[in-house]
Amino acid sequence: MQIDTMLYFYKLINYLIDHEKFELVFIHKSQSEVWLQRKNKYNNQVLRLAQSGFDWRNQLEADYKQTIYQSEKLAQLFLGRKIDLFNIYISEYAPVDDWERFKQRLKLKHHKFEQMETFYIDKENRQLEQSRLFNALNSEQVQMELPESIWEKEQLTQQLRTQIITKYNRQQRDRQKVFQYGKPFFIYVILGINVLMFLWLELQGGSTETEILIEYGAKYNPAIINGEWWRIISSMFLHIGMLHVFMNMLALHVVGNVVERIYGNMRFLIIYFVSGIIGGVTSFALSPQVAAGASGAIFGLFGALLYFGMNHKRIFFQTMGWNVIGVIGFNIVFGLAVPQIDNGAHIGGLLGGFLAAAMVYFPKKKQLLKQIGASIVVIIVAILIIFYGLSNEAVQQEANQYELYRQLQYINESVN
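These numbers were taken from a predicted model, which means no experiment stands behind them.

**Details of the sheet that holds strand 4 (residues 83–90)**
Taken in spatial order, the six strands of this open sheet run 1-2-3-4-6-5, and their pairing is mixed. With partners counted over all chains shown, the strands left at the sheet margins are strand 1 (23–27) and strand 5 (106–107), one partner each. Here strand 5 pairs with strand 6 (residues 113–121) via two bridges, running antiparallel. Following the sheet pairing, Lys107 is matched in strand 6 by Gln115. Along the sheet, helix 2 (residues 57–73) makes contact with strand 1, strand 2 (33–39), strand 3 (44–51), strand 4, strand 5 and strand 6, crossing strand 4 at roughly 145 degrees. Its contacts with the sheet place helix 3 (residues 126–136) against strand 3, strand 4 and strand 6, and it is angled at close to 160 degrees to strand 6.

The following block contains the structure:
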């Protein structure tokens, strides 16, 4: 009876989720096709389970080819690479003509999928084909017992089906909610302050003038050593030239919007300033040059996205994961290739953002031990970097030489 096939279909799916640790990834709108994934250290398996039967081999062949095409379309939903795809049909009857060749493993050319193996579980060979499937999955063999009563079968079928659909709908809602915890606000406040400060510097004599930058709060090591630590924060709102402010504000707008939506307003603000401060003290410790810009804080926002990705791998890689990693990698390599770029601020900010995200954690969730631990690490990292900077004689000597040059130049201009 068809009810037996439907019940077996849902029972098998529930068993794979509950006992074999498969994740529910996708359900077709017809609800007769379900995709699962299990990823571990040794293998990466994706199952496509379809409740459909075929009278003839050519019908099966058409769906077989469609499965390969569909796996490529859905590839971004699945984590990792080198995936083994298991194409599983649950049907009342098998095709009447010869179809056994489809059981052979097929090598796939997609960059994520390595091979596909097909299983056709019909009423006649159910236990035998299920055994073959579980062997291929390296799973323990189990009997799928079905009730005798038709009423019980219908009730259980509806119950299992509802569980699966409810679980999938909840996952979809949770995924949407992740990006709706905060409505961007502080991102625009910070962006506005940066633009206003840039215009102010231009009116005062030019944002590319070193003396103007130092006067209005750029990172300047001799002044910081003399107690002007506020420059670590003020330098976050100054930029050197039109291109610098434009590129940073564009990055801040794009990345900041996402981070503020994920973490909420106050968490975003904490992440931004902790990142900027860690980036600033790292720049102080590693570079004697006069520096300004929001790059450290912006890299911190990337660090916060990496922390999000570490905790929400599937959502991260389905939406922005490789783009974020690619941008970070490109900027670090580019920074190492161009001496004028303040890599200390970038790398320090990235680390600061990651730690700050762990410190504030996610909205409506708490991990007190992790949060306290991350807070302690942030303080220790900042102190260690500052002490390193104060004891870094090469950097400080170069900074002092520059200060001496400034004083001599000032005296010369005064005399003239």
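**Brief notes about the nonpolar core**
Judged by nonpolar contacts, the single largest core of 55 residues is most densely connected at Leu252, Tyr263, Tyr272 and Phe308. Broken down by secondary-structure element, the contributors of at least two residues to this core are helix 5 (186–204), helix 9 (242–263), helix 10 (265–286), helix 11 (295–311), helix 12 (313–319), helix 13 (321–337), helix 14 (343–360) and helix 15 (368–391). Apart from residues no more than four positions distant in its own chain, Phe308 is found in contact with Val178, Phe179, Ile262, Tyr263, Ile315, Phe316, Met320 and Phe362. With 52 residues, the next largest nonpolar core counts Phe102, Tyr120, Leu137 and Ile164 among its residues.

**Considering the packing of aromatic side chains**
Tallied over the full model, the rule gives 25 aromatic pairs. Measuring from ring centre to ring centre gives 5.3 Å for Tyr263 and Phe362, while their planes differ by 20 degrees; the resulting arrangement is stacked. With Tyr263 in helix 9 and Phe362 in the loop between helix 14 and helix 15, the pair connects residues that are 99 residues apart, well separated along the chain. Assessed through its relative accessible area of 0%, Tyr263 is described here as buried. By relative accessible area, which is 5% here, Phe362 ends up buried. Note on Phe308 and Phe316: the rings are 6.5 Å apart at their centroids and 70 degrees apart in plane angle, and the pair reads as edge-to-face.

**Observations regarding the packing of helix 9 against helix 10**
Axis angle and axis distance: for two packed helices, these are the angle between their axes and the distance between the axes, and together they describe the pair. Viewed as axis vectors pointing N to C, helix 9 and helix 10 meet at an angle of 130 degrees, and their least axial separation amounts to 7 Å. Between helix 9 and helix 10, the angle is such that the two are oblique. You can see that helix 9 and helix 10 cross each other, and the crossing is right-handed. Contacts from Leu252, Gly256, Val259, Glu260 and Tyr263 in helix 9 reach Asn265, Arg267, Phe268, Ile271 and Tyr272 in helix 10. Broken down by class, the residue content of the contact of helix 9 with helix 10 amounts to six nonpolar, two polar and two charged.

**Let's talk about the side chain of Ser295**
Counting through the fold element by element, Ser295 comes out in helix 11. Residue Ser295 is classed as buried on the basis of its relative accessible area of 14%. There is a polar contact of 3.3 Å between the side chain of Ser295 and the side chain of Asn248. Non-local contacts of Ser295, meaning those with residues more than four positions away in its chain, are made with His244, Asn248 and His346.

**Focus on a nonpolar patch on the surface**
On the surface, a nonpolar cluster with roughly 570 Å² of combined accessible area is contributed by Ile225, Trp229, Ile379, Ile383, Phe387 and Leu390. Top contributing element to the nonpolar patch by residue count: helix 15, with four residues. The residue Trp229 is located in the loop between helix 7 (221–225) and helix 8 (231–234) in this model. Residue Trp229 is classed as partly exposed on the basis of its relative accessible area of 30%.

Reading the values: the criteria
Residues numbered from 1 in each chain as written. Predicted model: local features only at pLDDT ≥ 70, side-chain atom pairs only at ≥ 80, totals over all residues. Heavy atoms only, no water. Pairing = 2+ DSSP bridges. Helix = DSSP H or I, 4+ residues; strand = E, 2+ residues; numbered from the N terminus. Contact = heavy atoms within 4.5 Å. Axes fitted to C-alpha atoms, helices over the stretch in contact; angles between N-to-C directions. Core = buried A, V, L, I, M, F, W, Y, C linked by side-chain atoms within 4.5 Å. Buried < 20%, exposed > 50% of the residue type's maximum accessible area, 1.4 Å probe, protein only. Phe/Tyr/Trp six-rings, centres within 6.5 Å; stacked < 30°, edge-to-face > 60°. Parallel < 35°, antiparallel > 145°, perpendicular 65-115°, else oblique. Left-handed = near helix turned anticlockwise from the far one by under 90°. Nonpolar A, V, L, I, M, F, W, Y, C, P; charged D, E, K, R; others polar. Polar contact = N/O pair within 3.5 Å; in protein donor to acceptor, adjacent residues only side chain to side chain. Patch = residues over 30% accessible without salt bridge, like charges linked within 9 Å, V, L, I, M, F, W, Y side chains within 5 Å. Areas by Shrake-Rupley, 256 points an atom, 1.4 Å probe, with all protein chains shown as cover. Salt bridge = Lys/Arg side-chain N within 4 Å of Asp/Glu carboxyl O.

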